[in-house]
Amino acid sequence: MKQFGLTDSQAEESRKKYGDNSMTEQASESFWDKLKGNLGDPMIKILIVALLINIVLAILGITGVISEGAPEWYEPLGIFIAIALATLVSTFSEYRNENAFQKLQEEASRIMCKVYRNGVITEVAINDIVVGDAILLQAGDKIPADGILIDGDLKVDQSVLNGESREAKKLAVSEGWTDTDESLNFDNEHKVFRGSVVCSGNAVMEVTVVGDKSVYGKIASELQTDDDRDTPLKVKLGKLAGGISKFGYIGGIAIAVAMLVKTLFLAPGGVEAVLFAGGEFQWVALVNAVIQSVMLAVIIIVMAVPEGLPLMIAIVSAQNMGKMLKDNVLVRKVAGIETAGSLNILFSDKTGTITKGKLEAVTFIDGGLNESKTYAEVGGKLKDILSLSIHKNTLSVISGEGKDMRVIGGNATERAILGFAAGESCSANVAAVGNIPFNSTNKYSATQVKGDYDLTLIKGAPEKILQRCSHYWGVDGEKKPFDMAELNKRIDELANRAIRVLAIATSEDALGEESLPEGNNWTLVGVVGIRDEVRPESVTAIAEVKGAGVQVVMITGDRKETAVAIAKDAGLLEKDTDVVLTSDELAKLSDEEIKQKLPNIRVIARALPSDKSRLVRLAQELDLVAGMTGDGVNDSPALKKADVGFAMGGGTEVAKEASDIVILDDNFNSIDRAILYGRTIFNSIRKFIVFQLTINVSAVLISFICPLIGLANPLSVIQILWVNLVMDTLAALAFGGEPALSRYMREKPKRRTEHIISKNMMSQIVTGAAWTFILSLAMLVLGTFDADPNNPGISFLESWGIVRDSNIKGEAHAYLHTAYFAFFIFIAVFNAFNARTDRLNLFDNLKKNKGFLTVFGIIAVVQILMTYLGGAILSGYGLTIEWLLVLGMAISIIPIDLIRKAIANASSKN
């Protein structure tokens with residue numbers, strides 16, 4: 001009896017010399033690291049600048065350096081709360097999902113291996129394996145380290161490493177064998193590699209390489225470098241932040257200069273009266289004039305910044321992460337959601353993503369050329385003979401019943417054949433009396449049975465079996481003369497569809513020791529076609545993704561003919577201009593030649609890991625947003641490099657670590673859903689930007705013009721913060737609940753460098769802000785200026801009885817300012833209905849976002865309460881008759897925007 005393995009002492013010596021089998025864990029971001037990263041958001045940076053300016057001015061006011069006009073202590077506090085809420089919500093959501101992901105990884109890594117130690121088999125954790133260990137490998141096991149076979153033989157699936165779905169034969173080394181192959185050669189018949197899966201056979205491997213030095217470990221180590229490029233949303237928000245900064249800073253400087261000129265040069269008596277009162281230069285007057293101008297400039301800058309936007313993005317992302325998880329999509333990185341919606345090109349793995357990832361019997365053709373897609377379609381007594389041949393000549397068995405029924409044991413081909421007839425048991429009463437397993441010489445397996453049938457059941461390669469058949473079993477169970485010429489044509493047709501064929505026959509000869517007697521007297525039952533079938537839902541999902549303007553490229557390790565057949569069935573190859581390349585053909589092309597061909601490339605066959613990374617790099621150089629799907633270690637570098645990497649839930653831990661999003665059900669349909677959610681988020685962000693920038697632009701215009709025409713600024717910093725923090729926080733929840741609409745998948749992908757504000761959005765913002773500004777100016781002018789010079793203190797609105805006359809605690813026109821703030825809030829509320837849809841029907845899909853009405857109802861109620869309870873801080877002194885003016889003016893923004901939409905729709909059709 002052979003002795004394998006190490007003793008405990010030898011294992012300890014090996015561990016000291018070569019190390020154990022654990023791999024260096026990829027450093028994960030802590031909560032504080034993620035928080036620090038989120039503070040680098042372009043919009044947050046602007047808020048931080050505004051916060052620092054307010055803190056400095058507030059301190060100067062408290063210390064008495066500034067006598068008047070300094071911000072109150074609660075104003076910088078409000079900006080700080082805006083920053084804290086936005087960053088904490090985003091950080092917490094990402095951190096929570098990352099923890100859930102790490103738990104999945106930990107569970108996946110708890111693998112125990114059957115190791116020979118001290119001459120007996122014992123279970124050892126995968127991380128504790130050392131060089132020299134002898135490991136027993138059986139069907140279904142994952143190979144835990146790199147090594148060689150020293151006993152037995154195996155068939156292994158190495159697709160996680162090389163992308164090829166075919167089973168590789170591995171044999172034990174002979175005595176005295178030495179390793180002369182130093183290259184990375186997955187086809188070496190003696191070497192096995194970590195991450196591969198044993199399909200069939202039993203063997204003992206000797207470990208030669210462990211941990212980070214294994215092929216699996218080296219690829220994982222390459223992923224430690226952080227070379228992520230900015231996401232499309234970050235690029236777009238960077239541009240928006242730059243535009244807002246310019247708008248705010250230019251506006252702030254302009255208003256500061258204008259106010260300084262007005263104060264110094266346009267005041268009664270001119271500059272002499274202001275700066276040279278009493279005949280001496282008045283430094284205090286100059287400093288106060290400068291400070292007041294700077295304070296107004298700060299207000300302009302604060303108003304220009306959409307404080308609620310970062311929080312809105314955090315909230316909408318967090319909400320959709322939860323929805324996506326229910327659809328089997330685990331988002332590891334928040335940015336990955338929106339990036340998925342911006343995809344221009346998606347490089348997709350074939351096995352298990354587009355296809356089901358397992359072999360299935362998809363057709364049966366008898367000797368009379370009758371084809372049956374399912375076992376139930378097979379007719380007559382032929383069905384009984386087929387059932388007998390499938391159930392009694394197999395190494396696989398059926399486990400469970402009903403929904404829990406599954407086929408186990410044997411190799412993938414055996415399981416596929418038995419699965420074809422698994423729904424019905426064999427009714428024949430027979431007993432097996434002999435068996436010849438499949439071998440490379442015979443190329444068939446055979447089982448002799450006796451009982452209701454005295455036959456030898458044969459299954460194997462058509463080229464070996466068909467030529468020995470003189471008859472075939474008819475549907476009626478009678479033998480009929482067989483001509484294999486026509487059947488061979490059908491087999492060739494199946495081969496063109498990437499369907500592999502096995503022939504099933506019977507013989508009345510008894511089994512020999514190693515084979516059946518020579519002769520051509522076998523009777524054909526039929527041929528079974530086997531293939532890793534395309535998922536039905538993948539066909540629909542691919543069509544939808546293509547309809548969304550996303551180019552899908554299938555990358556596979558299969559041969560070209562197989563890849564083409566699968567691609568046609570999946571709907572990837574439809575035009576004569578579609579290009580299919582092999583890895584060798586790709587290698588012969590320069591980068592520039594590939595870039596020219598890339599828009600037409602649909603399939604890459606015989607792909608190598610380096611091909612995937614190269615294609616992602618070239619797509620990104622063309623400024624495309626590139627996605628990559630994969631499950632194997634070989635996919636990991638490309639998953640890491642892609643703008644968004646989709647790892648399959650059933651894939652390797654290394655692939656999941658490299659990804660942004662994990663597809664838990666390994667289904668292309670879930671990728672389709674991820675793209676839809678990404679586009680939904682992007683559209684929700686755009687809607688919110690329209691909503692908030694309309695408010696901010698109108699506020700800036702009012703704050704700019706009013707001081708120049710002698711009116712007090714009607715909006716204080718705290719009121720603007722009330723709008724941006726309280727109202728917009730709730731509005732973020734409302735817009736975050738917008739449904740994922742199928743029409744988003746008919747939109748063209750947004751270019752990576754495309755501005756987040758489109759022409760239509762700009763027209764909506766300008767129209768809404770201009771209308772709000774016009775109504776605001778009219779309300780403030782008519783409510784402030786005297787209607788009759790002979791009766792000072794009574795404005796036009798007060799003389800008309802629309803606004804009550806007031807002077808509360810020294811504040812003239814207190815009811816006017818209360819009414820104006822209420823108007824400003826309510827016009828924003830009504831404009832939210834305009835912003836949430838680009839259609840004329842403002843109630844379009846509103847039932848799918850029930851929270852929208854609830855949220856804005858709460859905003860309206862809160863504002864009504866603040867109208868009566870706000871006091872001096874929020875200019876809340878209560879309203880009566882003024883409500884008619886407030887609501888009448890506010891609701892007018894709806895017909896104004898409907899007119900704009902009608903004009904825009906008409907012009908777009910022309």
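In this text, all values refer to a predicted model and were calculated from it rather than measured experimentally. (Residues numbered from 1 in each chain as written. Predicted model: local features only at pLDDT ≥ 70, side-chain atom pairs only at ≥ 80, totals over all residues. Heavy atoms only, no water.)

Chemist: Whenever I open this one, the overall build of the protein chain confuses me. Can you help?
Modeler: Check the secondary structure of the protein chain and you find 31 helices and 28 strands. Long-range contacts, defined here as pairs at least 24 residues apart, represent 72% of the contacts in the protein chain between residues at least 6 apart. Counting only carbon and sulfur atoms, one obtains 56% of the accessible surface of the protein chain, whose full area is about 39400 Å². (Helix = DSSP H or I, 4+ residues; strand = E, 2+ residues; numbered from the N terminus. Contact = heavy atoms within 4.5 Å. Areas by Shrake-Rupley, 256 points an atom, 1.4 Å probe, with all protein chains shown as cover.)

Chemist: Hey, could you run me through the packing of helix H27 (residues 814–835) against helix H30 (residues 882–891) in this one?
Modeler: At a minimum axis distance of 8 Å, the contact between H27 and H30 shows a crossing angle of 30°. On the basis of their axis angle, the class for H27 and H30 is roughly parallel. Taken as a pair, H27 and H30 cross one another with a handedness that is right-handed. Between H27, through Tyr 815, Ala 819, Ala 822, Phe 823, Phe 826, Ile 827 and Phe 830, and H30, the contact on the second element is made entirely by Glu 882, Trp 883, Val 886, Leu 887, Met 889, Ala 890 and Ile 891. Across the contact of H27 with H30, the residue classes tally to 13 nonpolar, no polar and one charged. (Axes fitted to C-alpha atoms, helices over the stretch in contact; angles between N-to-C directions. Parallel < 35°, antiparallel > 145°, perpendicular 65-115°, else oblique. Left-handed = near helix turned anticlockwise from the far one by under 90°. Nonpolar A, V, L, I, M, F, W, Y, C, P; charged D, E, K, R; others polar.)

Chemist: Where do I start with the pattern of salt bridges in this structure?
Modeler: As a working rule, side chains carrying opposite charge can pair if their charged atoms are close by. One pass over the structure, following the stated rule, counts 37 salt bridges. One salt bridge connects Glu 414 with Lys 459, and the closest N-O pair in it is separated by 2.8 Å. With a gap of 45 residues between them, Glu 414 in helix H13 (residues 412–420) and Lys 459 in strand S16 (residues 455–460) connect regions that are remote in the sequence. For Glu 414, a relative accessible area of 11% corresponds to the buried category. Among the residues examined, Lys 459 registers a relative accessible area of 6% and is labelled buried. Among the ionic pairs, Arg 836 bridges to Glu 738, the shortest N-O distance being 3.3 Å. (Salt bridge = Lys/Arg side-chain N within 4 Å of Asp/Glu carboxyl O. Buried < 20%, exposed > 50% of the residue type's maximum accessible area, 1.4 Å probe, protein only.)

Chemist: Looking at this structure, I do not really get the side chain of Ser 613. What am I missing?
Modeler: Inspection of the secondary structure puts Ser 613 in helix H20 (residues 609–621). Filtering out sequence-adjacent residues up to four positions away, Ser 613 remains in contact with Pro 637, Ala 638 and Lys 641.

Chemist: What should I look at first to understand the packing of helix H12 (residues 382–392) against H13 in this one?
Modeler: A pair of packed helices is characterised by two quantities: the angle between their axes and the separation of those axes. Here H12 crosses H13 at 145°, and the two axes come no closer than 9 Å. The handedness of the crossing between H12 and H13 is left-handed. Between H12 and H13, the contacting residues are Leu 386, Ile 390 and His 391 on the first element and Ile 417, Leu 418 and Phe 420 on the second.

Chemist: Help me understand the pairing of strand S15 (residues 444–451), please; the structure alone is not making it clear to me.
Modeler: For a regular strand, the rule is simple: side chains alternate between the two faces of the sheet. With six of its eight residues buried, S15 lies for the most part within the structure. When strand S14 (residues 430–436) meets S15, the two strands line up antiparallel, connected through six bridges. Along S15, the bridge assignment pairs Asn 435 with Thr 447. Bridge analysis of S15 against S16 gives six bridges, and the strand direction is antiparallel. Residue pairing in the sheet places Thr 447 in a bridge with Leu 457 of S16. Linking two consecutive strands that pair antiparallel, namely S15 and S16, is a turn of three residues. (Pairing = 2+ DSSP bridges.)

Chemist: Explain unusual backbone geometry to me, please; I cannot follow it from the model alone.
Modeler: Look at Leu 369: it is not a glycine, yet its phi comes out positive at around 70°. You can see Leu 369 is positioned in the loop between strand S10 (355–365) and strand S11 (371–372). On the basis of relative accessibility, which here comes to 27%, the residue Leu 369 falls in the partly exposed class. Backbone geometry at Asp 623 places phi at a positive 65°, although glycine is not the residue there.

Chemist: Help me understand the sheet that holds strand S25 (residues 644–648) in this model?
Modeler: Picture the strands of a sheet paired through backbone hydrogen bonds; they go either parallel or antiparallel. With mixed pairing, eight strands are arranged side by side in an open sheet as S8-S26-S25-S24-S9-S21-S23-S22. Every other strand in the sheet has two partners, leaving strand S8 (329–331) and strand S22 (579–582) as the edge strands with one partner each. Across the sheet, the axes of successive neighbouring strands diverge by a mean angle of 20°, strand direction being ignored. In the sheet, strand S21 (residues 551–555) pairs with strand S23 (residues 601–605) via two bridges, with the strands oriented parallel. The partner of Met 554 across the bridge, within S23, is Val 603.

Chemist: Explain H20 to me, please; I cannot follow it from the model alone.
Modeler: Along an α-helix, residues three or four apart share an orientation, since each turn contains 3.6 residues. The terminal C-alpha atoms of H20 lie 19 Å apart, and with 13 residues this matches the ideal 18 Å at 1.5 Å per residue to within 8%. Positioned one or two residues after H20, Asp 623 has a phi angle of 65°, which is positive. (Expected span 1.5 Å × (residues − 1).)

Chemist: Could you clarify how one ought to interpret the packing of aromatic side chains in this entry?
Modeler: One pass over the full model with this rule turns up 17 aromatic pairs. Ring plane angle 40° and centroid distance 6.1 Å describe the contact between Tyr 820 and Phe 824, whose orientation is recorded as tilted. Of this pair, Tyr 820 and Phe 824 both sit in helix H27, separated by four residues, roughly a single helical turn. When sorted by exposure, Tyr 820 lands in the same class as Phe 824, which is buried. An aromatic cluster of three or more residues is present, and its members are Phe 688, Phe 691, Phe 735, Phe 833, Phe 852 and Phe 856. Lying across the ring of Tyr 815, Arg 804 places its NZ or CZ 3.8 Å from the centre. (Phe/Tyr/Trp six-rings, centres within 6.5 Å; stacked < 30°, edge-to-face > 60°. Lys NZ or Arg CZ within 6 Å of the ring centre and 35° of its normal.)

Chemist: So what exactly am I meant to see when it comes to the pairing of strand S3 (residues 134–138) here?
Modeler: Burial within S3 is extensive, with four of its five residues counted as buried. As defined by bridge partners, S3 adjoins strand S7 (residues 197–209) across five bridges and the pair is classed as antiparallel. When the sheet's bridge partners are listed, Leu 136 is paired in S7 with Val 204.

Chemist: Help me understand helix H17 (residues 560–570) in this model?
Modeler: Here H17 has its buried residues at Thr 562, Ala 563, Ala 565, Ile 566, Ala 567 and Ala 570. On its buried face, H17 sits against S10, helix H15 (484–496), strand S20 (522–534), helix H16 (536–547), S21 and S23. Gly 571 lies just past H17 and shows a positive phi near 85°.

Chemist: Teacher, can you tell me more about the environment of Ala 647 here?
Modeler: Residue position: Ala 647 is located in strand S25. Residues Ala 647 and Ser 659 lie twelve residues apart in sequence; the distance between their C-alpha atoms is 5.6 Å.

Chemist: What's the story with a nonpolar patch on the surface in this structure? I'm lost.
Modeler: A cluster of nonpolar side chains, namely Val 49, Ile 53, Tyr 249, Ile 253, Val 257, Val 261 and Phe 265, defines an oily patch on the protein surface of about 580 Å² accessible area. Residue assignment for the nonpolar patch shows that the elements contributing at least two residues are helix H3 (42–62) and helix H7 (232–265). Per element, the largest residue contribution to the nonpolar patch is five residues, and it comes from H7. Looking at the element boundaries, Val 49 is found in helix H3. A relative accessible area of 35% means that Val 49 is categorised as partly exposed. (Patch = residues over 30% accessible without salt bridge, like charges linked within 9 Å, V, L, I, M, F, W, Y side chains within 5 Å.)

Chemist: Hey, could you run me through the nonpolar core in this one?
Modeler: Across soluble globular proteins, nonpolar side chains have a tendency to be buried as a group. Among the nonpolar cores identified, the biggest contains 120 residues, and Phe 646, Ile 685, Phe 691, Phe 735 and Phe 856 are the most heavily contacted of them. Apart from the residues within four sequence positions on either side, Phe 646 is in contact with Ala 340, Leu 343, Leu 346, Met 628, Thr 629, Gly 630, Leu 639, Ser 659, Ile 661, Ile 663, Ile 671 and Ala 674. The next biggest cluster of nonpolar side chains, apart from the first, holds 25 residues, and it includes Leu 581, Leu 618, Ala 619 and Ala 638. (Core = buried A, V, L, I, M, F, W, Y, C linked by side-chain atoms within 4.5 Å.)

Chemist: Would you mind going over the environment of Gly 678 with me for this structure?
Modeler: Tracing the chain through its elements places Gly 678 in helix H23 (residues 668–708). Overall, Gly 678 belongs to the buried group, its relative accessible area being 0%. C-alpha separation for the pair Gly 678 and Ile 337, spaced 341 residues apart in sequence, amounts to 4.9 Å.

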